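Structural characterization, general
Next come the chains, spelled out residue by residue.
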Amino acid sequence: WKTKMVFDIVEPPHSEESFFSYIKHPFALDSRWVFNRNVIGNFDGCTFITESLLDRFKEFSRASLIVPSMMYPSTQDFESAQVVKPSINENDEFHIGFLSSLIKKDHPQLLLDFGKHLNKIGFPYKIHIIGRFEMFEEGRMWKAKFQKSVISGRTVFHSNPSDSERDRLLATFSFLVLFRFPDQLQRDTFPTRIVELL
């Protein structure tokens, strides 16, 4: 009894395709092949990593589908959830880790707004940004924005640390935040490197 299963869906086909899009983004060709109706129909089971992908491509598969990783909760889920607020001592300082190259898909603007809000309510915190932001023009631009903002004194940058340095830092954080830019592509994809690390 042989079972054929596709186990990795990278991302959906690009809405605009050209020869240059395949050079700029190598996964474009892979996703174009993987999401072909005839290809998916050959598998006995298909596993998608987001609910958004499941909704969009479930009719392609002739078997039941599994969503093992990321699901987007409904408003009702948030309303019915019990929120546990940590007790904060006056002298405690919370260390918040953010793994990112400070590029658009990781939504650095949301982190900046988040820090400003924590400042406004007087929350004792430090934000630690860990990544390869020095290697990208966009990352350097966002680093400069943080350094000129009202939260500059509460932001610490750790540029491209070694694996052991990164692991040591992660062990010291009170929280780890993972942000995604609110567009369709980010809803359909997954922060794979971060998940592998965790």
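Everything below is about the structure shown above.
Below: a short report on this structure. What you are looking at is a predicted structure, and each value in this text was computed from that prediction instead of being measured. (Residues numbered from 1 in each chain as written. Predicted model: local features only at pLDDT ≥ 70, side-chain atom pairs only at ≥ 80, totals over all residues. Heavy atoms only, no water.)

1. Section: the pattern of salt bridges
Two side chains carrying opposite charge are able to pair once their charged atoms lie near each other. Going through the model one piece at a time under the given rule, you end up with 7 salt bridges. In this structure, Arg-180 and Asp-106 form a salt bridge, with 3.7 Å as the shortest nitrogen-oxygen distance. With a gap of 74 residues between them, Arg-180 in the loop between β7 (175–177) and α9 (184–188) and Asp-106 in the loop between β4 (94–99) and α6 (108–120) connect regions that are remote in the sequence. Of the residues examined, Asp-106 reaches a relative accessible area of 7% and is grouped as buried. As a salt-bridge pair, Asp-163 and Arg-166 come within 3.3 Å of each other at their nearest N and O atoms. Highlighted residues: Asp-163 and Arg-166, both in helix α8 (residues 163–170), separated by 3 residues, approximately one helical turn. Overlapping salt bridges bring together Glu-93, Lys-126 and Arg-154 as one network. (Salt bridge = Lys/Arg side-chain N within 4 Å of Asp/Glu carboxyl O. Helix = DSSP H or I, 4+ residues; strand = E, 2+ residues; numbered from the N terminus. Buried < 20%, exposed > 50% of the residue type's maximum accessible area, 1.4 Å probe, protein only.)

2. Digging into the sheet that holds strand β6 (residues 155–159)
Strand order in this open sheet of 4 strands is β6-β5-β4-β7, and the pairing throughout is parallel. Looking at strand neighbours, the two that pair on one side only are β6 and β7, the edges of this open sheet. Neighbouring strand axes in the sheet, compared pairwise and without regard to direction, differ in orientation by 25° on average. As paired elements, strand β5 (residues 125–131) and β6 share 5 bridges and run parallel to each other. (Pairing = 2+ DSSP bridges. Axes fitted to C-alpha atoms, helices over the stretch in contact; angles between N-to-C directions.)

3. Topic: the packing of α6 against helix α7 (residues 137–148)
Where α6 meets α7, the closest approach of the two axes is 11 Å, and the angle between their N-to-C directions is 10°. In this view, α6 runs roughly parallel relative to α7, as classed from their interaxial angle. Contacts between α6 and α7 involve Pro-108, Gln-109, Leu-111 and Leu-112 from the first element and Trp-142, Lys-145 and Phe-146 from the second. Taken together, the residues of the contact of α6 with α7 break down into 5 nonpolar, 1 polar and 1 charged. (Parallel < 35°, antiparallel > 145°, perpendicular 65-115°, else oblique. Contact = heavy atoms within 4.5 Å. Nonpolar A, V, L, I, M, F, W, Y, C, P; charged D, E, K, R; others polar.)

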